[in-house]
Each structure stands twice: as structure tokens, then as C-alpha cells.
Amino acid sequence: MVAGLRVLLVSQPVTDGVAVCVRDLAAAGVAAGMDVTVACPAGGDLPGWATGAGASWERVDMGRAPAPGDAAAAARVRRLAADRDVVHLHSSKAGAVGRLALAATPRGRRPGSAFTPHGWSWLVGGRLAPAYRAAERALAGVTDTVVCVSGDELDGGRAVLGRAAGRARVIENGVDVERFSPGGEVAARDGDPLLVCVGRLARQKGQDVAVDALARMADRRARLRLVGTGPEAAAVAGRAAAAGVADRVELVGAVPDPAPHLRAADVVLVPSRWDGLSLALLEAMAAGAAVVATRVSGASVLDGVGLLVPPDDPGALAAAADRLLADPDERARLGAAARARAVERFDVRRSVAATLDLWRELAR
């Protein structure tokens, strides 16, 4: 072990999956005797999580989209990184800002560094996708390594990263398999079939597709519970009203612990349009749920223990949900198999241990 290792974690997201991953790494680093600082925007959960874990928090303002203030954010990260042994950048935006900061630092004075995209920037699509690919290719060699959260994510990045792909590695996301387990508190529900979808209400996560799927299902008793909040909350509610299913859609907002809702579900939906390796998917697997997910990056971990459908296809999502609601034996079999895979392969203790080993390697 490198005694007293000084680590800087930089993240743009302050809620949900990426923030949870950074929180877990900060806590593990502190427990291992490291001096950990988390740099991220104010607000959300991450600043409090970081300080609660015994890490330091530094404010760095940055939004998801490119903005003039990104230059100031890069300068701030450069100053924070100056006395660090390791810098680990989390999210595409923190990766862009942080790598600009590192590139402005002479090579001999740079700390060891890693970048974890948690979903490639160009997957957002639209007119900026070519620019994002060009930026990722240009910046790919700045950090010592790129850490992909799934083999799918690495495969999807090879063509864009070019020669830098040879220095990339996979450390799969992990989940607390004790907290997310089949046993424990179960959220309230009525007797109708219940579909549950957990995640930030955003286009990426595809809750609008889940609403459209509900409207197409043969089982007209089924209800859809959306757990989480985000910029698309009003749009999703409007979508439910327009589809005539508002009375069967429950928007419960943010909750301190989604596990009781996962246990309450007959089927969990993970309808992402893109991802790296969805933490919500791993949580559902660990909870022993029967899962229907879209076949995006990372979702191949569900092969054989859940159902996979094409992204942005509400008809396919509806058919898969109907199939599972009609077959309780298949739901039980898939849930048990998903739980076993999560315990065997995706225990968060494994992923954080691998990352701490990486930090020690980078520091040396």
C-alpha cells in the first residue's frame, strides 16, 4: 500500500449513479488511510456524502453541456490536482474539464490519472456527437488510463480512442449486495401488477419509453412506478396523460433508498437509451427482481438472467413485461439467477478494491 495516498476525485453529477460510485470510492479510500478530496458542483447528494465519509469536498462548478465557465472549472481542477498523487475523473464532463487541466500541466508534474466516462459523451447523439467523438479522441491520451465500467463500454470506445484504447481497462460497476437483497422492507403497493423503474428522470434513462410501453401492454391492470426525479419529470407526466395512462403511473420522486420499491415490483424495467453499465440494473439484479432492460452498453450482464429488448422500442418492452407478468415461475427463476450473478460478479467491494489497486499503481 502507498501510505497516505492523496487522491482527487472529480465528478460533474452530484446525484444518482455516477455520484454513488464516487461516494463508494471516496469512502473506501478514506477507510484505506488515503487523503481523499471530492471536487464537484454544489447541491445534490455528493458533497454531503463525501464529507460524511471523511473525505474533503471542494466546489467546482460545471454543468452537463459545454459552457464558457468550463475554462474556470479546468483552472480550478488544475490547482486542486497540483499536490495530489492521483486524479480520477468521473463522467464525460469531468473528463473533459479534468483532462484540459492535466494537459495544461507539464508532464513531469502531472499526478497519476484515470478517466471513467460512465457512458461515452457521443452517445447523447444529436448535432454535437461528431464534436464529442473528436474531443474524446484528442484527449484520450492525456490520462494514464481510461477505466470503462463494462466490457461493452470498452468495445464501444475502441474505434474512437484509437491507439489510446490499448491503455484502457475494465473495472465493472458494483452494487451493495447486502443492502440490495431480496430480504428487507417492501414498499407499499396494491394488488395490481406493478412495474418499477428507478433512475434519474432524463431522456437517457427512457422513462418516456416505459410510459409508452404501459399504454401498449395487454395487461390493462398493470401500474408503472417511477422512482426518481430529474429534468424530464413534467414531460413524463404529460406523456402519461397524453397516452391515457396517467391513472396507472406513479411518480414517487426521489427516495433515500430505492431497495424497498425494487422488492415490491413484479417486474423492474430499465429502459435506457444509452449507458455504460446501469447501476439501477445492478441494484435490481441484486434485489432478486425479474428485469426487462434495453440492450445498450453494459446490459449484456443480464443475458440469461433477464429479458433484453431493443432501445426506444415501447412495443418490445410491453411484450416482454406482459410475458413476465403472465408467468410467475419465470419471474422467480430469473430473479434468483440475477441475484446469484450480482453476488458472484458485481459486489461493490470487488470494484472498489480494484480501483484502489489502480490508484496505488498510478501513484507508483
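These remarks concern the structure in this document. (Residues numbered from 1 in each chain as written. Predicted model: local features only at pLDDT ≥ 70, side-chain atom pairs only at ≥ 80, totals over all residues. Heavy atoms only, no water.)

## Quick word on the sheet that holds strand β10 (residues 249–253)
One open sheet accounts for 6 strands, arranged β10-β9-β8-β11-β12-β13; its pairing is parallel. Sheet topology places β10 and β13 (307–309) at the edges, where each strand pairs with a single neighbour. With strand direction ignored, the average angle separating the axes of adjacent strands in the sheet is 20 degrees. (Pairing = 2+ DSSP bridges. Helix = DSSP H or I, 4+ residues; strand = E, 2+ residues; numbered from the N terminus. Axes fitted to C-alpha atoms, helices over the stretch in contact; angles between N-to-C directions.)

## Quick look at the pairing of strand β6 (residues 145–148)
Where a strand is regular, its side chains alternate between the two sheet faces. Going residue by residue along β6, you find T145 and V147 tucked away on one face and V146 and C148 tucked away on the opposite face as well. Here strand β5 (residues 112–116) pairs with β6 via 2 bridges, running parallel. Its bridge partner being in β6, F115 is matched across the sheet by V146. One crossover worth recording links β6 to the parallel strand β7 (residues 169–170) by way of helix α6 (residues 151–161), and it is right-handed. (Buried < 20%, exposed > 50% of the residue type's maximum accessible area, 1.4 Å probe, protein only. Right-handed = clockwise from strand over helix to strand, strands pointing away.)

## Considering the pairing of strand β4 (residues 86–90)
With 5 of 5 residues buried, β4 lies mostly within the body of the structure. Burial along β4 is two-sided: the residues V86, H88 and H90 and V87 and L89 are all buried. Across 5 bridges, the pairing between β4 and β5 is parallel. Looking at the pairing, H90 lines up with T116 of β5. For the crossover that starts at β4, traverses helix α4 (residues 92–103) and ends in the parallel β5, the hand is right-handed.

## Topic: unusual backbone geometry
Although it is not a glycine, D16 adopts a positive phi angle of roughly 65 degrees. With respect to the helices and strands, the residue D16 is situated in helix α1 (residues 16–31). Taking the relative accessible area as the measure of exposure, D16 reaches 32% and is therefore partly exposed. In this structure, S91 is a non-glycine residue whose phi angle is positive, near 100 degrees. Within the fold, S91 resides in the loop between β4 and α4. Classification of S91 by relative accessible area gives buried; the value is 6%.

## Considerations on the side chain of T355
Looking at where T355 falls in the secondary structure, it is placed in helix α13 (residues 348–363). On the basis of relative accessible area, T355 is assigned to the buried category, the value being 6%. Once residues within four sequence positions are removed from consideration, T355 is found in contact with L25, H88 and I171. (Contact = heavy atoms within 4.5 Å.)

## Structural notes on α1
With 16 residues, α1 should cover 22 Å at 1.5 Å per step; its first-to-last C-alpha distance of 22 Å lies within 8% of that length. For α1, the complete set of buried residues consists of V18, A19, V20, C21, V22, D24, L25, A26, A28 and G29. Lining the buried residues of α1 we find β1 (6–11), β2 (35–40), α2 (46–52), β4, α10 (279–286) and α13. Where α1 ends, the next residue or the one after it, G33, has phi of about 90 degrees, a positive value. (Expected span 1.5 Å × (residues − 1).)

## Points about the environment of D313
With respect to the helices, strands and loops of the structure, D313 is situated in the loop between β13 and α11 (314–325). Under the relative-accessibility criterion, D313 is labelled partly exposed at 29%. Considered as a pair, D313 and A213 are 100 residues apart in the sequence and their alpha carbons are 8.1 Å apart.

## Details of the state of the cysteines
Tallying each qualifying case throughout the model produces 0 disulfides. Here C21 is not disulfide-linked; the sulfur of C148 is the nearest cysteine sulfur, at 14 Å. Given a relative accessible area of 13%, C21 falls into the buried group. (Disulfide = S-S within 2.5 Å.)

## Focus on empty space enclosed by the protein
Under the defined criterion, the tally for this structure stands at 3 cavities of 30 Å³ or more. If you go around the largest cavity, you meet 19 residues; those closest to its centre are C21, L25, N173, S351 and T355. Counting residues per element, the ones that place at least two in the lining of the largest cavity are α1, β4 and α13. In terms of residue class, the lining of the largest cavity is made up of 9 nonpolar, 8 polar and 2 charged. Considered as a void within the structure, the second largest cavity measures approximately 40 Å³ in volume. Looking at the second largest cavity, the residues that line it are V270, S272, D275, S278, L281, A293, T294, V296, S297, G298 and A299. For the lining of the second largest cavity, a count of residues per class yields 5 nonpolar, 5 polar and 1 charged. (1 Å grid on protein atoms, 1.4 Å probe; cavity = no way out; pocket = protein on both sides within 12 Å on 5 of 7 lines; lining within 4 Å. Points joined across faces, edges and corners; volume = space filled by probe spheres on them. Nonpolar A, V, L, I, M, F, W, Y, C, P; charged D, E, K, R; others polar.)

## Description of the pattern of salt bridges
Summed over all chains, the structure comprises 27 salt bridges. R6 serves as the salt-bridge partner of D85, at 2.9 Å between the closest nitrogen and oxygen. Taken together, the residues D85 in the loop between α3 (70–81) and β4 and R6 in strand β1 connect sequence positions 79 residues apart. Look at R6 and you get partly exposed, because its relative accessible area is 33%. Within the structure, one salt-bridge network assembled from shared partners comprises D208, D212, R239, R273 and D312. (Salt bridge = Lys/Arg side-chain N within 4 Å of Asp/Glu carboxyl O.)

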